[in-house]
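As a plain string of letters, each chain reads:
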Amino acid sequence: MRPVRTISLFSGCGGSDLALKRLGYDIVWANDVSKVACETYRDNIGPVIECGDIADFSELPDAEFLVGCYPCQGFTQGGRRDSDDSINYLYQQFDRVLRILTPKAFVVENVNGMAFGENRELLSNQLRRYRLAGYRVNWQVLNAQDHGVAQTRRRVFIVGIRSNLDFNYEFPGPQFGDNTRRKLVTQRDMLDGMPEWPVGDFNDEPFHWYYLSRRRRHDWDETSPCIVGHWRHVPLHPMSPPLKRVHTDKWVFAHKGPARRLAYRECAVLQGFPREFIWKRGTVRDRFQMIGNAVPPPLFEAVVKNLKNLW
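Residues numbered from 1 in each chain as written. Predicted model: local features only at pLDDT ≥ 70, side-chain atom pairs only at ≥ 80, totals over all residues. Heavy atoms only, no water.

Caption draft 1: The overall build of the protein chain, seen in detail. For the protein chain, the helix and strand inventory stands at 8 helices and 9 strands. Its C-alpha atoms put the protein chain at 60 × 45 × 40 Å along the principal axes. Carbon and sulfur atoms form 47% of the exposed surface of the protein chain, whose accessible area is close to 14,700 Å². Once the 43 positive and 36 negative side-chain charges of the protein chain are each reduced to a mean point, those two points are 3 Å apart. (Helix = DSSP H or I, 4+ residues; strand = E, 2+ residues; numbered from the N terminus. Areas by Shrake-Rupley, 256 points an atom, 1.4 Å probe, with all protein chains shown as cover. Lys, Arg positive; Asp, Glu negative; His and termini not counted. Charge placed at Lys NZ, Arg CZ, Asp CG, Glu CD.)

And the structure:
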């Protein structure tokens, strides 16, 4: 495939763009507002990222492809929610850039909470805007574990094709798990050989009642629960004792034994980052946030692969 000039918005530490590089895309410009994320991006992806508020940028290089993983924390399935938070409307900036560039295609990733109930209005607003901008738009909720990530993580993807192009996009079906030729990638597959107790790399606070209100531990031969951006709420390492459900919102350890949350490097590999990815910027807490907010590279790669014939 020829190199496709690509612009990446809300790029974070580079989960989406790592996938693009693997597929041979030419990332000509990227942007994120987080300084520590931009520094990590430069360490691993390259110097093309410019740090700052996307609203302050109006002159951009030409590109055929636009990708963006703008945050919408007010509609997430986990953590604090505030549907009135201005962060939920960053899609308007993506729409602005889309209309400036008029690329052949775009891909958006976001939390799946906006696909349900009253939150569907936010998703509908995005689809409406992108169609008015001149694109045929499809969306679907995908689970990262179906595409080679050792984690149960559901996300909404929106793919748009410019209306004057004769190309119909289809989302990828599951590549791993039931009814496929490949087993799900497990925590054992990804964590094997990593340090058992990496002091300083994980949050060692006591387990609060809220933390144990959910099943935060999965077994070695299962995928991990969803990796989140807050270091206090990341899942338990599978070396921890099993959890026993007491009632709907209360879990307890089935027996005594050493228990800890996942370390940030463990979260990174469970998110689909290679072990050699460099994490040296910011605090340990910053690294958890970057990793939890990132797009799993194998999942993004699976979505973008189905655009190959467009180019």
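Caption draft 2: Geometry of the packing of aromatic side chains. Considering all chains together, one arrives at 22 aromatic pairs under this definition. Here the aromatic rings of Tyr-25 and Phe-65 are separated by 5.4 Å at their centres, their planes lie at 45 degrees, and the arrangement is tilted. Of this pair, Tyr-25 sits in the loop between α1 (15–22) and β2 (26–32) while Phe-65 is found in strand β4 (residues 65–68), placing the two residues 40 residues apart along the sequence. Just as Tyr-25 is buried, Phe-65 falls in that class too. (Phe/Tyr/Trp six-rings, centres within 6.5 Å; stacked < 30°, edge-to-face > 60°. Buried < 20%, exposed > 50% of the residue type's maximum accessible area, 1.4 Å probe, protein only.)

Caption draft 3: Representation of helix α7 (residues 284–293). Along α7, the residues classified as buried are Val-284, Arg-287, Phe-288, Met-290, Ile-291 and Gly-292. Tucked into the core, α7 has its buried residues touching α2 (35–44) and α6 (264–270). (Contact = heavy atoms within 4.5 Å.)

Caption draft 4: Quick peek at the side chain of Arg-216. Along the chain, Arg-216 falls in the loop between α5 (187–191) and β8 (243–247). Although Arg-216 lies buried, it forms no salt bridge, and the closest oppositely charged side chain, Asp-249, sits 10.0 Å away as judged by the N-O distance. Leave out the neighbours within four places in its chain, and Arg-216 touches Tyr-210, Tyr-211, Pro-225, His-233, Pro-235, Leu-236 and Leu-243. (Salt bridge = Lys/Arg side-chain N within 4 Å of Asp/Glu carboxyl O.)

Caption draft 5: Representation of the confidence of the model for the protein chain. The predicted model of the protein chain averages 94 in pLDDT, with 95% of residues at 70 or higher. In this model, residues 74–83 is a region of pLDDT below 50 whose contacts with residues beyond four sequence positions or in other chains number 25 contacts. (pLDDT = per-residue confidence, 0-100.)

Caption draft 6: Focus on unusual backbone geometry. At Phe-10, a position not held by glycine, the phi torsion is positive, near 50 degrees. For Phe-10, the location among the structural elements is in the loop between β1 (5–9) and α1. On the accessibility criterion, Phe-10 (13% relative accessible area) is buried.

Caption draft 7: Focus on the pairing of strand β9 (residues 250–253). Across 4 bridges, the pairing between β8 and β9 is antiparallel. Note that in β9 the partner of His-247 across the bridge is Lys-250. The antiparallel pairing of β8 with β9 creates a hairpin that spans 2 residues between the two strands. (Pairing = 2+ DSSP bridges.)

Caption draft 8: Looking closely at the pairing of β1. Burial analysis of β1 places 4 of its 5 residues in the buried class, which makes it a mostly covered element. Here β1 pairs with β2 via 4 bridges, running parallel. If you follow Arg-5 over to β2, its bridge partner there is Asp-26. Read from β1 through α1 to β2, the crossover connection turns out right-handed. One ladder, built from 4 bridges, connects β1 with β4; its direction is parallel. (Right-handed = clockwise from strand over helix to strand, strands pointing away.)

Caption draft 9: Focus on the nonpolar core. Of all hydrophobic cores here, the largest spans 58 residues; its most connected members are Phe-65, Val-107, Phe-157, Ile-161, Trp-279, Phe-300 and Leu-307. A total of 5 residues in this core trace back to one element, the largest contributor, which is α6. Those residues in contact with Leu-307, other than ones at most four positions away along the chain, are Tyr-25, Phe-65, Ala-105, Val-107, Val-159, Ile-161, Phe-167 and Tyr-169. Of all hydrophobic cores here, the second largest spans 29 residues; its members include Tyr-91, Phe-94, Leu-101 and Leu-122. (Core = buried A, V, L, I, M, F, W, Y, C linked by side-chain atoms within 4.5 Å.)

Caption draft 10: Structural detail: the environment of Arg-22. Looking at the secondary structure, you find Arg-22 in helix α1. Measuring from C-alpha to C-alpha, the distance between Arg-22 and Glu-301 comes to 8.1 Å, with 279 residues separating the pair along the chain. If near-sequence neighbours (up to four positions away) are discounted, Arg-22 is found in contact with Gly-272, Pro-274, Pro-297 and Glu-301.

Caption draft 11: Main features of the state of the cysteines. For the structure shown, the criterion picks out 0 disulfides. Left unpaired, Cys-226 is separated from the closest cysteine sulfur, that of Cys-267, by 10 Å. (Disulfide = S-S within 2.5 Å.)

Caption draft 12: View of the packing of helix α3 (residues 91–101) against helix α4 (residues 120–132). It is at 10 Å that the axes of α3 and α4 come closest, and there the two elements cross at 10 degrees. As the angle between them shows, α3 and α4 are arranged roughly parallel. When α3 is examined against α4, the residues Tyr-91, Gln-92, Phe-94, Asp-95, Leu-98 and Arg-99 are found in contact with a partner set consisting of Leu-122, Asn-125, Gln-126, Arg-129, Tyr-130 and Leu-132. The class makeup of the residues in the contact of α3 with α4 is 6 nonpolar, 3 polar and 3 charged. (Axes fitted to C-alpha atoms, helices over the stretch in contact; angles between N-to-C directions. Parallel < 35°, antiparallel > 145°, perpendicular 65-115°, else oblique. Nonpolar A, V, L, I, M, F, W, Y, C, P; charged D, E, K, R; others polar.)

Caption draft 13: Structural context of the pattern of salt bridges. Tallied over the entire structure, the rule returns 13 salt bridges. A salt bridge links Asp-221 to Arg-188, with the shortest nitrogen-to-oxygen separation between them at 2.7 Å. Taken together, the residues span a long stretch of sequence, with Asp-221 in the loop between α5 and β8 and Arg-188 in helix α5 at a distance of 33 residues. The class of Asp-221 is exposed, set by a relative accessible area of 53%. On the basis of relative accessible area, Arg-188 is assigned to the partly exposed category, the value being 39%. Among the charged side chains, a network of salt bridges with common partners joins Arg-2, Glu-64 and Lys-104.

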